[in-house]
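Okay, here's what each chain looks like letter by letter:
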Amino acid sequence: MIQSSNYFLNLAGSYIRNTLNHENLSDVEVINIVNKQKIPYLYRFKKHSLIPRIKKIIDIAVDLSPNTILDIASQRGALLFPLLDRFNQYQIDCHITSTDIDNNIIDFLKSTSTDIDNLNVVNADVTNLPFLDNSYECVICSEILEHLKLPMLAAKEMIRVSTNFIICSVPALPDNNTEHIQLFYDIKPHDKQIITRDIQYNQINLKQLWLDAGASSCKIKIINNHPCSILLAVIQV
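Along every chain, residues carry numbers that run from 1 in the direction the sequence is written. Only residues with pLDDT of at least 70 are given local features in this predicted model, and only at 80 or more are side-chain atom pairs given and counted; all residues enter the totals for whole chains, interfaces and linings. Calculation of side-chain values draws on the structure's entire complement of heavy atoms; hydrogens and water are dropped beforehand.

## Structural notes on the pattern of salt bridges
Stage number 1. A carboxyl oxygen of Asp or Glu within 4 Å of a side-chain nitrogen of Lys or Arg is what we treat as a salt bridge. Under the criterion given, the structure shown has 8 salt bridges.
Stage number 2. Between glutamate 143 and arginine 53 there is a salt bridge whose closest N-O contact spans 2.7 Å. Of the two residues, glutamate 143 sits in the loop between strand 4 (136-142) and helix 6 (151-161) while arginine 53 sits in helix 3 (residues 52-64), which places them 90 residues apart along the sequence. No difference in accessibility class separates glutamate 143 from arginine 53, as the two residues are buried.
Stage number 3. The residue arginine 197 makes a salt bridge to aspartate 175 at a minimum N-O spacing of 3.3 Å. Pair noted here: arginine 197 is in the loop between strand 6 (184-185) and strand 7 (204-205) and aspartate 175 is in the loop between strand 5 (162-171) and strand 6, with a separation of 22 residues, a long-range link. In this structure, arginine 197 and aspartate 175 share a single accessibility class: buried.
Stage number 4. Shared partners join several salt bridges into a network, and the residues in it are Lys55, Asp59 and Arg86. Here a strand is any run of E in DSSP of at least two residues, a helix any run of H or I of at least four, and the numbering for each starts at the N terminus. Partly exposed describes any residue whose relative accessible area lies between the buried limit of under 20% and the exposed limit of over 50%, with all areas from a 1.4 Å probe on protein chains only and scaled to the type maximum.

Right, here's the structure in full:
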């Protein structure tokens, strides 16, 4: 039996209404349909205990309480959904723009956002954002920069569209994920003896990256996290 309290109910309800064309049913009613039909991707709306890095990012966003947020590469909503939920719990009036470059992800997120007044979805590349200067009070970029060939270009774009803060996280240690083509550090570079891939030898100082991109300040802390620790930066533009 599916318990509606175990899900981000409004998000799941919006998605199911759009997927099954049940426009007139309530969130609880559409969730109960799941007992009879297999709904693809419903597991993405299930509530879980937040891993430390996501919890910390959300805590920072709540403390900042911006009126607008740009979430870079929302993917399957692992950060986006609990962020929306927390803002609703605290009755923080904030409009969130969710982005990604994967068309399948965009379709999924658009189906989810149809009935959510404070969420819209845009297909956008972080290195060429389709937004005006100073469009968002806060930008969130969670574990994206390590995937990019040109992280400086992305940093400059995020600074361009932000008026106040950027929250950015990247892996804190070398790894074997072949999609991670950049390696960042805070105080000093990683010992090359622990790096297993040549592509990560050319390391980047995360704070210096943001300052060189035009930020006025950048504060970094390490968040110990399973399965990997991260560097979490709060950047003031």
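## Brief notes about helix 4 (residues 80-89)
Stage number 1. The buried count for helix 4 comes to 8 of 10 residues, which makes it a mostly enclosed element.
Stage number 2. The complete set of buried residues in helix 4 reads Leu80, Phe81, Pro82, Leu83, Leu84, Asp85, Arg86 and Phe87.
Stage number 3. Positive phi appears at glutamine 91, one or two residues downstream of helix 4, with a value of about 55°.

## Describing the nonpolar core
Stage number 1. As used here, the term nonpolar core means buried Ala, Val, Leu, Ile, Met, Phe, Trp, Tyr and Cys residues forming a set that is joined through side-chain atoms within 4.5 Å. Counting 39 residues, the largest nonpolar core has Phe45 and Ile140 as its most contacted members.
Stage number 2. Counting residues per element, the ones that place at least two in this core are helix 1 (9-20), helix 3, helix 4, helix 5 (103-113), strand 3 (119-123), strand 4 and strand 9 (230-236).
Stage number 3. Counting residues in hydrophobic clusters, the runner-up holds 33 residues, among them Ala124, Ile166, Leu231 and Ala233.

## What to know about unusual backbone geometry
A negative phi angle characterises most non-glycine residues, just as the trans form characterises most peptide bonds.
Stage number 1. Backbone geometry places serine 65, a non-glycine residue, at a positive phi of 45°.
Stage number 2. Assignment of secondary structure puts serine 65 in the loop between helix 3 and strand 1 (68-72).
Stage number 3. Residue classification places serine 65 among the partly exposed positions, given a relative accessible area of 35%.
Stage number 4. One non-glycine residue, glutamate 143, adopts positive backbone phi at about 55°.

## Side note on the state of the cysteines
Stage number 1. Here, the term disulfide refers to a pair of cysteine sulfur atoms separated by no more than 2.5 Å. Within this structure, the stated rule accounts for 0 disulfides.
Stage number 2. We note that cysteine 218 lacks a disulfide partner, and the nearest cysteine sulfur, in cysteine 168, lies 7.8 Å from it.
Stage number 3. Taking relative accessible area as the criterion, cysteine 218 reaches 5% and is therefore assigned buried.
Stage number 4. Cysteine cysteine 228 remains unbridged, with the sulfur of cysteine 168 as its closest cysteine sulfur at 14 Å.

## Concerning helix 3
Stage number 1. A helix's residues, less one, multiplied by 1.5 Å, set its expected span. Taking 1.5 Å per residue as the helical rise, helix 3 with its 13 residues ought to reach 18 Å, and the 18 Å between its terminal C-alpha atoms agrees with that figure.
Stage number 2. Among the residues of helix 3, Arg53, Ile54, Ile57, Ile58, Ile60, Ala61 and Val62 are the ones counted as buried.
Stage number 3. In what follows, residue pairs with any heavy atoms lying within 4.5 Å of each other are defined as contacts. Here the buried face of helix 3 lies against helix 4, strand 4, strand 5, strand 8 (217-223) and strand 9.
Stage number 4. Once helix 3 finishes, serine 65 follows within two positions and takes phi at roughly 45°, a positive value.

## Comments concerning the packing of helix 6 against helix 7 (residues 206-213)
Stage number 1. Comment: axis = line fitted to C-alpha atoms, over the contacting stretch for helices; angle = value between 0 and 180 degrees taken between N-to-C directions. Two numbers describe how helix 6 lies on helix 7: the axes approach to 9 Å, and their chain directions differ by 55°. Accordingly, the angle class assigned to the pair helix 6 and helix 7 is oblique. With respect to the hand of their crossing, helix 6 and helix 7 are arranged in right-handed fashion. Contact residues: helix 6 offers Pro151, Met152, Ala155, Lys156, Met158 and Ile159, while helix 7 offers Leu209, Trp210, Asp212 and Ala213.
Stage number 2. Of the residues contributing to the contact of helix 6 with helix 7, the split by class is 8 nonpolar, no polar and 2 charged. Note on terminology: angles under 35 degrees are roughly parallel, angles over 145 are roughly antiparallel, angles of 65 to 115 are roughly perpendicular, and the others are oblique. Left-handed is the label given to a crossing in which the near helix is rotated counterclockwise from the far helix by less than a right angle, and right-handed is the label when the rotation is clockwise. Three classes are used: nonpolar for Ala, Val, Leu, Ile, Met, Phe, Trp, Tyr, Cys and Pro, charged for Asp, Glu, Lys and Arg, and polar for all others, with Gly counted as polar.

## Describing the side chain of glutamine 182
Stage number 1. Within the element layout of this structure, glutamine 182 appears in the loop between strand 5 and strand 6.
Stage number 2. Look at glutamine 182 and you get buried, because its relative accessible area is 13%.
Stage number 3. Reaching out from glutamine 182, the side chain makes a polar contact with the backbone oxygen of leucine 148 at a distance of 2.9 Å.
Stage number 4. Sequence-distant contacts of glutamine 182, defined by excluding residues within four places in its chain, comprise Leu145, Glu146, Leu148, Lys149, Pro151, Gln200 and Ile204. N or O atoms within 3.5 Å of each other form a polar contact, as long as, within protein, one can give a hydrogen and the other can take it, and as long as residues adjacent in sequence are counted only when both atoms are side-chain atoms.

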